[in-house]
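Summary of structural features
This is what each chain is made of:
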Amino acid sequence: MSLKDKVEVDAVARAGLEKLGYKQEMTRSRGLVHIVFTFGLTSTIATSLVGGGPAVMIWGWILVSVLTQTLALSLAEICSKYPTSAGAYYWCYRLASPRTRLLASWINGWLTVVGGWTVDLSVKFGTAQLIVAGAGMCYPEWNATALQTYMIFLGVTAVAGAFCLFFNRYLPTVDIVCACWTGLGIIVIFICLFAKAAVGRRPVSFVLGNFDPSLSGWTPGWSFFTGLLPWNWELNHVLAYTFSAIGMITNMAEEVYNPSETLPKAIISSVPIGSLTGVLFLLPILFTLPDVAALLQVSSGQPIGVMFTLIMGSSIGGLGLWFIIFGIGMFCSISTSCAGSRATWAFARDKAVPFHRCFSKISPCLEDVPMNAYILSTVIQVLLGLVYLGSSAAFNAFAGVAVMCLGASYAMPVAISLMNARKDMHDAPFNLGRFGTVINAVAVLWIMFAIVLFSMPAVIPVTRWSMNYASVVFVGFGVISAVWYMIRDLRIRKNQQVPQNSQILFRVEGILGDSHCRHTIIKRWWPRLRCQRLGALAFRSAVCHAGDSGGAGTSSWEAVTGRCESIQIAGLSE
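Residues numbered from 1 in each chain as written. Predicted model: local features only at pLDDT ≥ 70, side-chain atom pairs only at ≥ 80, totals over all residues. Heavy atoms only, no water.

Per the secondary structure count, the protein chain includes 22 helices and 5 strands. Relative to its full complement of 574 residues, the protein chain shows a buried share of 55%. As displayed, the protein chain has an accessible area near 23100 Å², and 66% of this comes from carbon and sulfur atoms. (Helix = DSSP H or I, 4+ residues; strand = E, 2+ residues; numbered from the N terminus. Buried < 20%, exposed > 50% of the residue type's maximum accessible area, 1.4 Å probe, protein only. Areas by Shrake-Rupley, 256 points an atom, 1.4 Å probe, with all protein chains shown as cover.)

Turning to the packing of aromatic side chains, a few remarks are in order. All told, the structure shown has 20 aromatic pairs when counted by the stated rule. Ring plane angle 55° and centroid distance 4.8 Å describe the contact between F125 and Y388, whose orientation is recorded as tilted. Note that F125 is positioned in helix α6 (residues 101-138) and Y388 in helix α18 (residues 387-390), a separation of 263 residues in sequence. By relative accessible area, which is 9% here, Y388 ends up buried. (Phe/Tyr/Trp six-rings, centres within 6.5 Å; stacked < 30°, edge-to-face > 60°.)

For the rest of this paragraph, the subject is helix α8 (residues 171-196). Because the α-helix completes a turn every 3.6 residues, residues three or four places apart line up on one side. An ideal rise of 1.5 Å per residue puts 38 Å on 26 residues; α8 measures up with 36 Å between its terminal C-alpha atoms. Residues L171, P172, V174, D175, C178, A179, T182, G185, I186, I189 and L193 constitute the buried set of α8. Where α8 terminates, the next one or two residues include A197, which has phi positive at roughly 45°. (Expected span 1.5 Å × (residues − 1).)

Moving on, we come to the confidence of the model for the protein chain. Looking at the protein chain as a whole, the pLDDT averages 76, with 76% of positions reaching at least 70. In the model, residues 39-43 has pLDDT below 50 throughout and makes 26 contacts with residues more than four positions away in sequence or in other chains. The model gives residues 496-574 a pLDDT under 50, and that stretch makes 179 contacts with residues more than four places away or in other chains. (pLDDT = per-residue confidence, 0-100. Contact = heavy atoms within 4.5 Å.)

Take the packing of α6 against helix α7 (residues 146-166) next. Any two packed helices are characterised by the angle at which their axes cross and by the distance between the axes. Closest axis-to-axis distance for the α6/α7 pair is 8 Å, and the angle between their directions is 120°. Looking at the two axes, α6 sits oblique to α7. Our pair here, α6 against α7, has a crossing hand that is right-handed. Where α6 approaches α7, its residues L121, K124, F125, T127, A128, Q129, I131 and V132 are matched on the opposing element by T149, I152, F153, V156, T157 and A160. (Axes fitted to C-alpha atoms, helices over the stretch in contact; angles between N-to-C directions. Parallel < 35°, antiparallel > 145°, perpendicular 65-115°, else oblique. Left-handed = near helix turned anticlockwise from the far one by under 90°.)

A word on helix α5 (residues 88-95). Taking burial as the measure, the 8 residues of α5 include 7 buried ones, the bulk of the element. Taken as a whole, α5 has its buried residues at A88, Y89, Y90, W91, C92, Y93 and L95.

So, about the packing of α5 against α6. Running from N to C, α5 and α6 point in directions that differ by 165°, and their axes come no closer than 8 Å. One finds that α5 runs roughly antiparallel with respect to α6. For the crossing formed where α5 meets α6, the hand is right-handed. Across the interface between the two elements, A88, Y89, C92 and Y93 from α5 touch R101, L102, A104, S105, N108, G109 and T112 from α6. Across the contact of α5 with α6, the residue classes break down as 6 nonpolar, 4 polar and 1 charged. (Nonpolar A, V, L, I, M, F, W, Y, C, P; charged D, E, K, R; others polar.)

A separate point is the pattern of salt bridges. Charged atoms that come close allow side chains of opposite charge to pair. Tallied over the full model, the rule gives 5 salt bridges. Here D427 makes a salt bridge to K81, at a shortest N to O gap of 2.8 Å. Of the two residues, D427 is situated in the loop between α19 (392-419) and α20 (436-453) and K81 in helix α4 (residues 54-81); the sequence distance between them amounts to 346 residues. A salt bridge links E254 to R349; the nearest nitrogen and oxygen atoms lie 2.9 Å apart. In this pair, E254 is assigned in the loop between α11 (239-242) and α12 (259-287) and R349 in helix α15 (residues 315-349), connecting sequence segments 95 residues apart. You'll find E254 and R349 in the same group, each marked buried. (Salt bridge = Lys/Arg side-chain N within 4 Å of Asp/Glu carboxyl O.)

Our next topic: the environment of W446. With respect to the element layout, W446 can be found in helix α20. Since its relative accessible area comes to 8%, W446 is described here as buried. Distance in space between the C-alpha atoms of W446 and V64 is 9.2 Å, their sequence separation being 382 residues.

Here the focus is a nonpolar patch on the surface. On the surface, L147, M151, I375, V379, L383, L386 and L389 cluster together into a nonpolar patch covering about 620 Å² of accessible area. Of all the elements in the fold, those that place two or more residues in the nonpolar patch are α7 and α17 (371-385). Mapped onto the fold, L386 is located in the loop between α17 and α18. (Patch = residues over 30% accessible without salt bridge, like charges linked within 9 Å, V, L, I, M, F, W, Y side chains within 5 Å.)

Next comes the structure, spelled out in structure tokens:
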């Protein structure tokens with residue numbers, strides 16, 4: 001793309017963002033290739049072995065990929081119309097009815113931010129566990145303590161933070177390196193495992209058809225689905241969890257060229273690319289899989305290092321393949337850290353978090369970096385990580401919470417669009433056409449099932465170590481957001497005063513509970529109210545129609561808002 005084309009595309013994107021009610025604060029420096037490979041993760045190993053074995057690993061991966069593609073298509077359609085870093089909570093506001101839009105946006109926003117925090121936490125901690133596994137390959141007698149694992153997690157967090165804060169301008173290049181590293185790394189793993197196979201090769205019938213649910217304790221049908229669960233944090237990443245962050249691509253919307261076209265392509269393409277990568281990663285492992293019992297008895301709880309060592313026949317060969325996976329983990333840590341900070345910044349920009357003025361600022365010293373929002377996100381993750389020191393079982397719940405929060409946040413705008421008979425999507429640049437209703441319905445049903453699934457224990461009988469506390473943590477975050485919503489609402493109502501004269505000044509509450517602008521609503525003895533905008537870009541339009549409701553001074557906030565047929569709240573502060 002030439003410089004002239006970039007300038008023209010940026011101008012169009014800037015104008016489009018202003019129509020949504022936001023001003024351009026970051027430089028657009030990313031294209032499709034910079035975001036489509038951002039959220040690739042390795043698939044589960046031990047969890048699927050407990051849930052049923054190879055059949056769960058390969059067919060579960062394919063099933064999750066197909067179902068997630070419906071969600072990706074649904075999100076891409078909405079994103080093409082509303083390309084903003086605010087993402088799903090902004091979509092909820094634009095799609096929901098005037099009566100429910102504020103609450104829906106608030107709920108969705110907190111789901112998005114909490115999901116971003118916990119998915120970033122899980123990726124970093126998973127990477128720390130990979131380091132523990134790598135150290136165990138070199139020093140088999142060493143078993144990391146909880147404190148040592150936590151300190152390694154802090155190191156991973158520091159490295160990711162250094163890249164996101166001080167090398168932000170080079171992150172698009174890092175994304176390219178990540179894509180090349182992942183592609184070449186998977187090819188190397190594929191060739192090496194098939195060529196070496198030190199412990200022997202498995203037949204096709206074993207790879208595609210071996211299913212043994214006895215280790216989980218569940219019935220065969222449910223055991224298959226529990227193979228998608230994060231039964232133990234140290235047992236690598238989960239199948240459904242691998243695709244849980246696809247919607248976080250939208251958090252980079254205001255740093256992407258031509259977002260109405262680029263973002264939908266990235267969201268849609270990320271699933272088949274991840275699916276193909278996963279299949280190429282899984283097949284050589286399944287064809288050369290060592291003894292399952294030996295893998296599940298690894299004291300560190302992370303079997304991938306031992307698995308590579310056994311298949312390659314030497315610790316050096318296993319360490320080489322481990323390093324590829326470790327590199328992918330570090331790249332993912334940087335990507336999720338960046339996206340999570342953007343989600344936090346966007347939510348603070350809409351005045352939905354405490355001390356929003358501080359966390360909504362772009363650093364004047366670091367180019368295009370919401371430094372305060374990044375620090376907030378990191379501090380919260382570091383504090384949540386302390387839970388691991390007290391109870392690894394409780395800490396394991398954060399993996400499930402990430403899927404539940406992000407999945408629910410993605411499903412909400414899709415469900416709202418469905419309930420509106422998709423009337424708001426007719427003019428979307430990327431339109432699903434006549435298949436939209438079916439695709440949206442499948443996506444919502446899949447997320448509903450996934451939320452229930454991720455609330456269940458992976459094995460029975462349940463002990464305090466195998467208990468899935470994800471639902472408890474999920475509800476806990478929900479209670480915290482609800483309390484904050486009520487506190488803000490009480491403060492707003494306390495400060496709200498309506499002058500009893502012909503010129504009534506109403507402080508109109510913005511998307512997420514704080515005042516975004518003031519409208520002077522002039523009540524005349526006419527059947528029509530006229531709304532005069534006083535704020536800066538906060539309300540794109542206010543077309544208020546009302547009948548004569550009595551004399552001057554008798555109108556209330558409820559009376560006036562009840563007659564506002566079309567108020568488009570954009571979300572800028574004064």
